Amino acid sequence: MALRSLRLQLELLHNLGIRELYKPADSRAELLARLQAAYSTCVKCQLHTGRVKFVYGEGDPNATAMLIGEGPGEQENQTGRPFVGAAGKLLDDMLKAIQLTRSDVYICNIVKCRPPGNRDPEAAEREACLPYLLEQIDIIQPRLILLLGRVAAQTLLETTLSLEKLRSSTHEFQGIKTYVSYHPAALLRNPNWKRPAWEDLQKFRDDHLLLRK
Ligand code: URA
Ligand code: SF4
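Residues numbered from 1 in each chain as written. Chains lettered and ligands numbered in written order. Predicted model: local features only at pLDDT ≥ 70, side-chain atom pairs only at ≥ 80, totals over all residues. Heavy atoms only, no water.

(A) Main features of the overall build of the protein. What the protein contains, in helices and strands, is nine helices and six strands. Contacts in the protein between residues at least 24 apart in sequence constitute 70% of all its contacts with a sequence separation of at least 6. For the protein, the accessible area works out to roughly 11700 Å², and carbon and sulfur atoms hold 53% of it. (Helix = DSSP H or I, 4+ residues; strand = E, 2+ residues; numbered from the N terminus. Contact = heavy atoms within 4.5 Å. Areas by Shrake-Rupley, 256 points an atom, 1.4 Å probe, with all protein chains shown as cover.)

Okay, structure coming up:
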């Protein structure tokens, strides 16, 4: 009887045009890897025309914290890895200063393909790419998010407030405690911001210890 009803259900799905049943992934890592492969040829916005490599994200799929930047730069486009250029080196150092490495966290960006000449991603591009990030957040279920720079913060928090205003308090994104701080590339241009960035980072570190999964 049970088998008969299963067969009927499968027939129904088949008639509805569903030929392949959803196969659950064994783990977050496997699911992320499958999605990365599936989206790597995305043409949903014009940024695909400059893509050498799709930069999905990397790190611990079970991480307590997700770090989110703006979009791939030149080196990231060449390697397919987030934050590996000069800004990435500084990010590594910042993580080291709070006793973390990039494999302790999950690092990704608002847009997954490089904007030409590192210009800010346009609204249409951010909107087209955002579902991929929201899905990553859904899968990883971090306890903390650190938004690096104005573009990441304004996009995820859906606001036009300034970076200074946004970093003056923490936020909630879908119930997840969310920090906003300077983008490491901005810190390279403006060393004066390193001190306030360090203050942000220390608060983030304290929460990371408290909220560790
Ligand atoms: N800047 C970003 O915002 N993301 C990267 O991956 C590299 C530089
Ligand atoms: Fe697709 Fe995002 Fe790349 Fe645009 S930036 S083509 S939406 S993956």
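Having put the structure on the table, let's press on.
(B) Quick peek at helix 4 (residues 86-97). Over its 12 residues, helix 4 extends 17 Å from the first C-alpha to the last, a length consistent with the 16 Å expected when each residue adds 1.5 Å. Those residues of helix 4 not exposed but buried are Ala-87, Gly-88, Leu-90, Leu-91, Met-94 and Leu-95. The buried side chains of helix 4 occupy one side of the element, clustering within an arc of 160° when seen end-on. In helix 4, those exposed residues whose orientation departs by more than 90 degrees from the buried face are Ala-86, Lys-89 and Lys-96. (Expected span 1.5 Å × (residues − 1). Buried < 20%, exposed > 50% of the residue type's maximum accessible area, 1.4 Å probe, protein only. Arc of directions from axis to C-beta.)

(C) Summary view of the pattern of salt bridges. Considering all chains together, one arrives at 10 salt bridges under this definition. In this structure, Glu-58 and Arg-102 form a salt bridge, with 3.0 Å as the shortest nitrogen-oxygen distance. Taken as a pair, Glu-58 in strand 1 (residues 58-59) and Arg-102 in the loop between helix 4 and strand 3 (106-109) lie far apart in primary sequence, 44 residues in all. Among the ionic pairs, Arg-167 bridges to Asp-200, the shortest N-O distance being 2.9 Å. Taken together, the residues span a long stretch of sequence, with Arg-167 in the loop between helix 7 (163-166) and strand 5 (171-173) and Asp-200 in helix 9 (residues 194-211) at a distance of 33 residues. No difference in accessibility class separates Arg-167 from Asp-200, as the two residues are buried. (Salt bridge = Lys/Arg side-chain N within 4 Å of Asp/Glu carboxyl O.)

(D) Expanded view of the nonpolar core. Core analysis: the biggest nonpolar cluster contains 56 residues, and Leu-67, Ile-68, Leu-133, Ile-137, Leu-147, Leu-156 and Phe-204 have the highest contact counts within it. In terms of residue count, helix 5 (residues 123-140) provides more of this core than any other element does, eight residues in total. Each residue touching Phe-204, except ones within four places of it in the same chain, is listed here: Ala-65, Leu-67, Ile-98, Leu-100, Leu-144, Leu-146 and Tyr-179. (Core = buried A, V, L, I, M, F, W, Y, C linked by side-chain atoms within 4.5 Å.)

(E) Representation of the side chain of Arg-51 in the model. Assignment of secondary structure puts Arg-51 in the loop between helix 2 (28-39) and strand 1. Here Arg-51 occupies a buried position and makes no salt bridge, while the nearest side chain of opposite charge, Glu-125, is found at 12 Å. A polar side-chain atom of Arg-51 sits 2.8 Å from the main-chain carbonyl oxygen of Cys-42. Once residues within four sequence positions are removed from consideration, Arg-51 is found in contact with Ser-40, Thr-41, Cys-42, Asn-77 and Cys-113. (Lys, Arg positive; Asp, Glu negative; His and termini not counted. Polar contact = N/O pair within 3.5 Å; in protein donor to acceptor, adjacent residues only side chain to side chain.)

(F) Just the site of ligand 1, in detail. Neighbouring residues of ligand 1: Gly-69, Glu-70, Gly-71, Glu-76, Pro-82, Phe-83, Asn-109 and His-183. Within the backbone of Phe-83, a nitrogen or oxygen atom sits 2.9 Å from an oxygen atom of ligand 1. For ligand 1, whose accessible area on its own is 240 Å², the fraction buried by protein is 92%. (Near = heavy atom within 4 Å.)

(G) The arrangement of the sheet that holds strand 1 in detail. What the six strands build is an open sheet, ordered 1-3-2-4-6-5; its pairing is mixed. With partners counted over all chains shown, the strands left at the sheet margins are strand 1 and strand 5, one partner each. As paired strands, strand 4 (residues 144-148) and strand 6 (residues 176-181) are joined by five bridges and run parallel to one another. Each bridged residue has a counterpart across the sheet, and for Leu-147 the counterpart in strand 6 is Val-180. Against the sheet, helix 9 touches strand 2 (65-69), strand 4 and strand 6, its axis set at about 160° to strand 6. (Pairing = 2+ DSSP bridges. Axes fitted to C-alpha atoms, helices over the stretch in contact; angles between N-to-C directions.)

(H) Geometry of the packing of aromatic side chains. In the structure shown here, the tally under the stated rule is five aromatic pairs. Consider the rings of Tyr-39 and Tyr-132, whose centres lie 4.2 Å apart with planes at 25°: the pair is stacked. Of this pair, Tyr-39 sits in helix 2 while Tyr-132 sits in helix 5, placing them 93 residues apart in sequence. Neither Tyr-39 nor Tyr-132 differs from the other in exposure class; each is buried. Plain terms: the ring middles of Tyr-179 and Phe-204 are 5.8 Å apart, the flat faces sit at 90° to each other, and that makes the pair edge-to-face. Of this pair, Tyr-179 sits in strand 6 while Phe-204 sits in helix 9; the two residues are 25 residues apart in sequence, bridging distant segments of the chain. Phe-204 matches Tyr-179 in its accessibility class, with the two residues each being buried. Each member of the aromatic cluster is reached from another via a ring pair, and the members are Tyr-39, Phe-54, Tyr-56 and Tyr-132. Its guanidinium or amino end placed over the ring of Tyr-132, Lys-44 lies 4.6 Å from that ring's centre, counting from NZ or CZ. (Phe/Tyr/Trp six-rings, centres within 6.5 Å; stacked < 30°, edge-to-face > 60°. Lys NZ or Arg CZ within 6 Å of the ring centre and 35° of its normal.)

Without other data, these values stay purely geometric and don't point to any function.
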